[in-house]
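Coordinate analysis (summary)
Given next are the chains, with one letter for each unit.
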Protein chains: 2
Amino acid sequence: MARMALGLDFGTESARALLLDIESAAEVGEGVAPYPHGVLDHNLPTGEDLPRDWALQHPTDWTDAAARAIREALAGSGARREDLVAVGVDFTASTPLPVTAGGDPLCLQARWAREPHAWPKLWKHHGAKEEAARINALARKRAEPFLAYYGGVVGLEWLLPKAWQVLREAPAVYAAADRFLEGGDWLVWRLTGRETRNACAAGYKALWTARHGFPSPRFLAALDPELARFYRDKVQGEIVAPGRAVGAVTPLAAAQFGLPAGIPVSAAVIDAHAGVPGAGVGAPGTMVIILGTSSCHLLLSREARFFAGFAGLVADGILPGFHGYESGQAAVGDIFAWYLAQAVPAAVRDAARAAGRDLHDHLAGLAARLAPGSSGLVALDWHQGNRSVLMDGRLSGVLLGLTLQTRPEEIYRALLEATAFGTRVIVESYVAAGLPVERIVACGGLARKNPLLMQLHADILGRPIDIAASDQTVARGAAIFGALAAEPAAREPADVAAAVARLGAATERRVTPDPRAGAVYDRLYALYRRLHDHFGRDAREIMHELRALAAAAGPPARGD
Amino acid sequence: MARMALGLDFGTESARALLLDIESAAEVGEGVAPYPHGVLDHNLPTGEDLPRDWALQHPTDWTDAAARAIREALAGSGARREDLVAVGVDFTASTPLPVTAGGDPLCLQARWAREPHAWPKLWKHHGAKEEAARINALARKRAEPFLAYYGGVVGLEWLLPKAWQVLREAPAVYAAADRFLEGGDWLVWRLTGRETRNACAAGYKALWTARHGFPSPRFLAALDPELARFYRDKVQGEIVAPGRAVGAVTPLAAAQFGLPAGIPVSAAVIDAHAGVPGAGVGAPGTMVIILGTSSCHLLLSREARFFAGFAGLVADGILPGFHGYESGQAAVGDIFAWYLAQAVPAAVRDAARAAGRDLHDHLAGLAARLAPGSSGLVALDWHQGNRSVLMDGRLSGVLLGLTLQTRPEEIYRALLEATAFGTRVIVESYVAAGLPVERIVACGGLARKNPLLMQLHADILGRPIDIAASDQTVARGAAIFGALAAEPAAREPADVAAAVARLGAATERRVTPDPRAGAVYDRLYALYRRLHDHFGRDAREIMHELRALAAAAGPPARGD
């Protein structure tokens, strides 16, 4: 009888179910179901308008889509429900929702359904800008000990700003909420009947550190007296590392999701972080880069080190027994998508159509023929701010070196190069901090789809890049967490590492750096660094002033 | 009987003839004839390939097109040939050609027709980069007195680098050339039978100063012993100010061009500079801005002052009796054209088409609705280098403040704003040098065609901009020079000023600055200045290094 772990991957637009055979390590089935309501960023399901910068989700979408995806995965694989032996869950974060003590979302109660703050706030909800700014200012002033674990900056997408926004703007919702819970923890609670907090989201998104716990009531009271008991009252449950079992699937959940009852469920994990075991990495020294709309750089270590360049350092945050480091670029694929939508001329689009090729592929084909440095362009990849060593959301993108001869494929390539330069800054910050990066594995949507991007990464980093042989490293990682939870034997880091190495995706191919290109890119990187340090440090008030001017001008008039 | 002055305007692609009634100051006839051979930038008429960066013209095109344009102008106006009382000629510069002592172009002789260096080098021929660099290096080292008249830099488009290129690459052509002559002076020679040098091209493009004459044989010999006698042997003829008569139309020329014999012909003038009287400006205090693919800023003064911000300061260079200052931006309309061709997305083009509107107008319409500062963008308008206060051709364009929300009309507007910021830098440099700018008149293709651009100039400069009521200020200026040459009474600056005021184009409308927009633009301009000073001065090696990398990479691989 086959033994399979189920990975449930809750993304921004859909839920995915992946069946991983834990004997053969093969992906044997997959199902995807979009969320019927999508992202709620204009209206509530009941019609109420939402402010700009908001992004909500519908909790029933999560459960319904998961059930459909599981059904589809089982049907497609030919496996039987009874073959499933464990479940792992990954989820976007911070995506918190206010719930009752019994775990019922407030937004599903008639009384609260028309109240926007009663709904889950999706990770990319940006309504809590002011709260984040005040949290950061006070934390810096008081030198709060948690700051060092986050590169000195609390993100506006994290739990505390979001919850505080609820308190300030809808105190009745805040009062009615017995808990504020991450979507991933809520799902695991639904599956197991047990309320816990996964160490990953608690650490990376809720300011929890193994050493100091959650932020102190004194700090919270200084922010807002009403917030003083936030963690104590509304963020309860044991902290559990991903890969440790929270409990077993209840009969009720078994019926709802089409699972066998009684199989173990791992603590949840943030989606990107699941990519680490998904890519077969369970030990220090290998950086996993998840390349999608944005990027994450994840590294395991036995040591905690503090330096500029990571966004989060969490004990047990990725895999039990290791410190997990996270860095990231706020926009990668999003920059290329912006370029394609907003700045590729009609002539290029027409040429791609005439050649019967996808626009991305067409441009990449043209860009691949260019010699390094030949365009005279260098770009800064800060179209969504910088969330690595500079940790500054008010930074913005730059394109420098434009001439009347500049062609579209040159700009496209400069943008690709910029994201690779951004990764080099991150990698160098790790190495400088004494955290060796011996190998790099790339996974995520772009890793397999954009060979030019990966070659540029190899050339610019001067290191080989291994491409993970799976399109579903994240969902696969979730399945692996399930498998780990099902094997109580895997208690020691070495056991975890061995299990992950066996179950994770293999390397599909190794992209090797071209030393001649690398020599040119070393010179270009020196220029990138100068721009980086100038606009990100010495003269960062320039971009801040531009943002201030834009904010003062109010929302843009909308076009034709 | 009507009395008309004929303005002959020799541009890059065509010759134009304008008839100006010197009693009523009305433009009564116009003719345009394209050059049959256009710009020779790929091949000679005999088929020989030309190197990259070359641009030549065909001298027979000039005479043929002029004759056709004159015929068309007379025919369209109903005027008779006998109504013409004077001729003025403006010409691109430096557009020199090697000729025999009798004025015959070498390129029209069978012996030299296949030799690229025998042909006229159009102003935008960029083949003499190395010569220009060596001239500049030596002139700086020797502190040559002419340098101060050119903002410290000799342009690669000027006469000496072009002639030296001929000497170095085709010494036989150099030896066979009795003269190197500007196209404008050659035309005037053809018309009058008299060889002269117009003070405008001699001053702005051939390093002639009233005080020091041409560069010394000692300096030339230090460049290249063969070049020592260049000016003495090959640049002969009296220096004559535009507006002064060189002579009268010869019977031969009368037959060739369809003109009455015996009417006076003014010394030639550079095309842009003819825009000053064309716009009705004949006295100090009013800056004329010619806005086209590039821009020229021209100001008359009774005083010679030396400061960073002008490209040329020439006694009698624009109008007799005045010092003429010239500044300029290397690319203005060219930047917008580049943007439209290379970076406007298909969706915007499609929307413009659907609305039945020109793409420029469509974008300008969208951009006009934006609030100042709302895009968070600021650009540097150096896509063709900077030829005003920084005088650095290795600088390049910058777009800063990009986000994932940046829209095409925001980029378009930022590029327009950047050119206005560039003009503000120039105007401020004049004012700081004690040269008052009391009024600004804009003319040229963009002045009437792009109202948004002119409003941005007014808002950003914080000054009203007067738009000249003529599409042909340059050709009209040439006609006015003819009229001045026909009135020997106009000898004193005050007489010149009065005649120009009477014959120049009126102001069509005054664009008034919006003080609220101005307040935002003062803040944006402060940022522009910081970028300007950083990339143009403190850290200019960044853009220089980008150019060096591009040059080292060799010519780009071309398209599909």
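Residues numbered from 1 in each chain as written. Chains lettered and ligands numbered in written order. Predicted model: local features only at pLDDT ≥ 70, side-chain atom pairs only at ≥ 80, totals over all residues. Heavy atoms only, no water.

**Looking at the packing of helix 11 (residues 333-342) of chain A against helix 14 (residues 408-432) of chain A**
All names here are of chain A.
- Running from amino to carboxyl end, helix 11 crosses helix 14 at an angle of 165 degrees, the nearest separation of the two axes being 10 Å. Of the possible angle classes, the one that applies to helix 11 and helix 14 is roughly antiparallel. Where helix 11 crosses over helix 14, the handedness of that crossing is right-handed. Contacts between helix 11 and helix 14 involve Ile-335, Phe-336, Tyr-339 and Leu-340 on the former and, on the latter, Pro-408, Ile-411, Tyr-412, Leu-415, Leu-416 and Thr-419. (Axes fitted to C-alpha atoms, helices over the stretch in contact; angles between N-to-C directions. Helix = DSSP H or I, 4+ residues; strand = E, 2+ residues; numbered from the N terminus. Parallel < 35°, antiparallel > 145°, perpendicular 65-115°, else oblique. Left-handed = near helix turned anticlockwise from the far one by under 90°. Contact = heavy atoms within 4.5 Å.)

**Quick word on the packing of helix 14 of chain A against helix 19 (residues 515-538) of chain A**
Residue and element names in this part refer to chain A.
- For the pair helix 14 and helix 19, the least separation of the axes is 10 Å and the interaxial angle reads 75 degrees. In terms of their interaxial angle, helix 14 and helix 19 are classed as roughly perpendicular. Residues Arg-413, Glu-417, Ala-418, Phe-421, Gly-422, Arg-424, Val-425 and Glu-428 of helix 14 form the contact with helix 19, whose participating residues are Tyr-521, Asp-522, Leu-524, Tyr-525, Tyr-528, Arg-529 and His-532.
- Among the residues forming the contact of helix 14 with helix 19, the class breakdown is 7 nonpolar, 2 polar and 6 charged. (Nonpolar A, V, L, I, M, F, W, Y, C, P; charged D, E, K, R; others polar.)

**Quick word on the domain arrangement of chain A**
All names here are of chain A.
- What the domain assignment lists for chain A is domain 1 (4-279 + 470-509) and domain 2 (329-469 + 514-552).
- The C-alpha centroid of domain 2 is placed 30 Å from the C-alpha centroid of domain 1.
- Counting residues at the interface gives 14 residues for domain 1 and 13 residues for domain 2.
- Counting each side, the surface lost to burial between domain 1 and domain 2 is near 1,100 Å², with a carbon and sulfur contribution of 47%.
- A per-residue breakdown of the area domain 1 buries against domain 2 is headed by Ser-470, Glu-508 and Arg-509, which together make up 43% of the total.
- The interface formed by domain 1 and domain 2 contains 2 salt bridges.
- Glu-508 serves as the salt-bridge partner of Arg-448, at 2.3 Å between the closest nitrogen and oxygen.
- Our count for the contact surface shared by domain 1 and domain 2 stands at 7 residue pairs in polar contact (both at pLDDT 80 or more).
- Considering every element that reaches the side of domain 1 that touches domain 2, the biggest residue donor is strand 20 (residues 507-511), with 3 residues.
- Residues that form the side of domain 1 that touches domain 2 fall into these classes: 5 nonpolar, 5 polar and 4 charged. (Domains from an automatic or database assignment. Buried area = accessible area lost by both parts, 1.4 Å probe. Salt bridge = Lys/Arg side-chain N within 4 Å of Asp/Glu carboxyl O. Polar contact = N/O pair within 3.5 Å; in protein donor to acceptor, adjacent residues only side chain to side chain.)

**Quick look at the pairing of strand 15 (residues 323-329) of chain B**
Residues and elements named next belong to chain B.
- Among the 7 residues in strand 15, 6 count as buried, and that is most of the element.
- Sheet topology note: the strand 13 (residues 295-301)/strand 15 ladder contains 7 bridges and is antiparallel. Paired with Leu-300 across the strands is Gly-324, a residue of strand 15.
- Pairing analysis gives 4 bridges linking strand 14 (residues 312-315) to strand 15, with the strands arranged antiparallel. Each bridged residue has a counterpart across the sheet, and for Ala-315 the counterpart in strand 15 is His-323. (Buried < 20%, exposed > 50% of the residue type's maximum accessible area, 1.4 Å probe, protein only. Pairing = 2+ DSSP bridges.)

**Brief notes about the pairing of strand 17 (residues 397-402) of chain B**
Residue and element names in this part refer to chain B.
- Of all 6 residues that make up strand 17, 6 are buried, and the element is covered over most of its length.
- Where strand 16 (residues 378-380) meets strand 17, 3 bridges bridge the pair, whose relative direction is antiparallel. Residue Leu-380 lies in a different strand from strand 17, and its bridge partner there is Val-398.

**Examining the relation of the copies chain B and chain A**
- Structural alignment of chain B on chain A gives an RMSD of 0.0 Å, achieved by rotating through 180 degrees and translating 0.0 Å along the axis. Both copies of the chain, as the preceding transformation shows, are related through a two-fold rotation axis.
- Of all interface residues in chain B, 100% are interface residues in chain A too; the two copies therefore contact each other through one and the same surface. (Least-squares fit on C-alpha atoms with pLDDT ≥ 70 in both.)

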